[in-house]
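Survey of secondary and tertiary structure
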Amino acid sequence: MDFRSRAANELDRNISIGADDMMVHAPHISEPDIFSKQFREIELRFDRSDEIFWCYMNQKSRPSYTYELGEEIQQVQDWIHSTYAREGSKNSDPLRYFVCGSRTPGIYNLGGDLKHFADCIRRRDLGALKKYARTCVHMQYENSTAFGAPIITMALVQGDALGGGFEHALAFDILVAEKSARMGLPEILFNLFPGMGAYSFLRQRLGRKDTERFILEGKLFSATELYDMGVVDLLAEDGQGEAAIIEYTKENRSRFHAERAVYQARKIADPVSLEELLEITDTWAETALYLGEADVRKMERLASAQDRRIIRSLQAV
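Remember, predicted model here, so these are calculated numbers, not experimental data. Along each chain, residue indices are assigned from 1 in the same order as the chain's sequence is written. It should be noted that, the model being predicted, local features are given only for residues of pLDDT at least 70 and side-chain atom pairs only at 80 or more, the latter also being counted only at that level, while totals for whole chains, interfaces and linings use all residues. Here the side-chain values reflect all heavy atoms present in the structure, with hydrogen atoms and water set aside.

Below, the discussion takes up the sheet that holds strand β9 (residues 174–178). Taken in spatial order, the 6 strands make up an open sheet running β3-β4-β5-β7-β9-β12, and their pairing is mixed. With one partner strand each, in any of the chains shown, β3 (42–47) and β12 (234–236) form the two edges of the open sheet. On average, each strand axis in the sheet is inclined to that of its neighbour by 20°, with strand direction left out of account. Strand contacts of helix α9 (residues 241–251): β3, β4 (52–57), β5 (97–102), β7 (152–157), β9 and β12, with the helix running at about 160° to β4, the strand carrying the most contacts. DSSP calls a pair of strands paired once it identifies at least 2 bridges connecting them. Each helix is a run of DSSP H or I of at least 4 residues and each strand a run of E of at least 2, with the numbering of both proceeding from the N terminus. Think of each axis as a best-fit line through the C-alpha atoms, taken over the contacting stretch in the case of a helix, with angles from 0 to 180 degrees between the N-to-C directions. Pairs of residues are marked as contacts when any of their non-hydrogen atoms sit within 4.5 Å.

Side chains of a nonpolar character, in soluble globular proteins, are inclined to be buried together. Ranked by internal contacts, the top residues of the largest apolar core, which has 74 residues, are Phe 53, Ile 80, Phe 98, Phe 166, Leu 175 and Met 183. Among the elements that take part in this core, helix α4 (residues 126–144) stands out by supplying 7 residues, more than any other. Here Ile 80 is in contact with Phe 53, Ala 85, Leu 95, Phe 98, Phe 147, Ala 149 and Ile 151, once residues within four sequence places are set aside. The definition of a nonpolar core used throughout is a set of buried Ala, Val, Leu, Ile, Met, Phe, Trp, Tyr and Cys residues joined through side-chain atoms within 4.5 Å. Partly exposed residues are those whose accessible area sits between 20% and 50% of the maximum for their type, while under 20% is buried and over 50% is exposed, using a 1.4 Å probe and protein chains only. If you look at the next biggest cluster of nonpolar residues, it comprises 18 residues, including Tyr 97, Ala 244, Ile 245 and Tyr 263.

A few words on the sheet that holds strand β6 (residues 107–109). What the 4 strands build is an open sheet, ordered β6-β8-β10-β11; its pairing is mixed. Each end of this open sheet is capped by a strand with a single partner; those strands are β6 and β11 (220–222). Strand after strand, the sheet turns through a mean of 20° between neighbouring axes, direction not considered. For β6 and strand β8 (residues 160–162), the ladder comprises 2 bridges, and the chain directions are parallel. Within β8, the position partnered with Ile 107 by the bridge is Asp 160.

This brings us to α4. Helix span, as expected, comes to 1.5 Å for every residue beyond the first. For α4, which comprises 19 residues, the first-to-last C-alpha distance of 26 Å matches the rise-based estimate of 27 Å (1.5 Å per residue) to within 8%. Burial of α4 is extensive: 15 of the 19 residues sit out of reach of the surface. Ala 146 sits one or two residues past α4 and shows a positive phi near 55°.

So, on to the packing of helix α2 (residues 67–85) against α4. Here α2 crosses α4 at 30°, and the two axes come no closer than 11 Å. The angle between α2 and α4 falls in the class roughly parallel. The handedness of the crossing between α2 and α4 comes out as left-handed. Along its contact with α2, which presents Tyr 67, Gly 70, Ile 73, Gln 74 and Gln 77, the element α4 presents Lys 131, Tyr 132, Thr 135, Met 139, Glu 142 and Asn 143. Throughout this entry, Asp, Glu, Lys and Arg are counted as charged residues, while Ala, Val, Leu, Ile, Met, Phe, Trp, Tyr, Cys and Pro are counted as nonpolar. The remaining residues, Gly among them, count as polar. In terms of residue class, the contact of α2 with α4 is built from 4 nonpolar, 5 polar and 2 charged. Any angle from 65 to 115 degrees is called roughly perpendicular, while one under 35 is roughly parallel, one over 145 is roughly antiparallel, and all others are oblique. Left-handed is the label given to a crossing in which the near helix is rotated counterclockwise from the far helix by less than a right angle, and right-handed is the label when the rotation is clockwise.

All right, on to the pairing of β7 then. Burial analysis of β7 places 6 of its 6 residues in the buried class, which makes it a mostly covered element. Taking every second residue as pointing to the same face, both faces of β7 are buried, with Ile 152, Met 154 and Leu 156 on one and Thr 153, Ala 155 and Val 157 on the other. Sheet analysis places β5 next to β7, joined by 4 bridges and oriented parallel. Bridging across to β7, Cys 100 finds its partner in Ala 155. Here β7 runs beside β9; their pairing, made up of 4 bridges, is parallel. What sits directly across from Met 154, in β9, is Ile 174.

This paragraph deals with the side chain of Glu 259. Structurally, Glu 259 is set in helix α10 (residues 256–269). The buried category is assigned to Glu 259, whose relative accessible area is 5%. Ignoring anything within four residues of it in the chain, the contact list for Glu 259 reads Ile 152, Ile 174, Tyr 248 and Asn 252.

Only Phe, Tyr and Trp rings take part, Trp by its six-membered ring, and two of them pair if their centres are within 6.5 Å. Stacked means planes under 30 degrees apart, edge-to-face means over 60, and tilted covers everything else. Tallying each qualifying case throughout the model produces 15 aromatic pairs. Aromatic pair Phe 35 and Phe 46: ring centres 6.0 Å apart, planes at 25°, arrangement stacked. Of this pair, Phe 35 sits in the loop between β2 (24–25) and β3 while Phe 46 sits in strand β3, placing them 11 residues apart in sequence. Using a relative accessible area of 8% as the deciding quantity, one classes Phe 46 as buried. Look at Phe 35 and Trp 79: their rings are 5.7 Å apart centre to centre, the planes differ by 80°, and that puts the pair in the edge-to-face class. Of this pair, Phe 35 sits in the loop between β2 and β3 while Trp 79 sits in helix α2; the two residues are 44 residues apart in sequence, bridging distant segments of the chain. Judged by relative accessible area, which is 26%, Phe 35 ranks as partly exposed. A relative accessible area of 4% means that Trp 79 is categorised as buried. Through pairs of rings, three or more aromatic residues link up here, namely Phe 35, Phe 46, Phe 53, Trp 79, Tyr 84, Phe 98, Phe 147 and Phe 172.

Here you go:
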């Protein structure tokens, strides 16, 4: 189910829409074990010996951001927070690392629902655009703060991370990518900008000037190029992303607390607040309504090209 169809069914008992910010709020998860739940859009694994929680996006349709994916990820975020971050919380299974990856061959995530954006722009539906975007940045903010838990978070990019997919990967403490992965922010191709965290999180890694150049050029970069630029933190051989993370955590086990403190210091010295993310994403939604019909058609052609590519990829597998 995509964002558009999900938004149309606001009577769903699992979702409440806040009138003030038009944000979708997932309910608090009281279930004691997240691994006993049946998910449709994600796949979970907890390697207790390595103290790593693996979360893979495993969507049944186009690998982009949908309400269903966001709701399931929020359940995981809530579970980690209640299990490891809340005062007095105790768990016999220690957790040090959270890793988010993808099971879609050759694709981490393609970002936003471009067809939905085009529809909203034609209907001049600013509210729908803001609701979608605010849902995304709330999830981004939780990723960037490690859900309030004393852990280190990682994105594992195996394949393409485009637009919002790249924004998602940038929010984590460490960005791990295999050499064949490609990442970029192509929104400028249809006269828009990436408004769901890219500026804030990329600025932490590149600085203001290079961040603005990166966004305005709209290029796709290889993982190796981004590693040389300082955007990718750990570069792995193709097919070896998981192994590289496990090796990294073992080699750095003795300095875990100091390393986590460094990432906390980064957030203190160059903070990204939820308020900042919400203001920028509102600007994104308002800017989208300036797009002309030619730009909207470009957006739709890109979405169609992505759909064809996904079909070919799945057929090959």
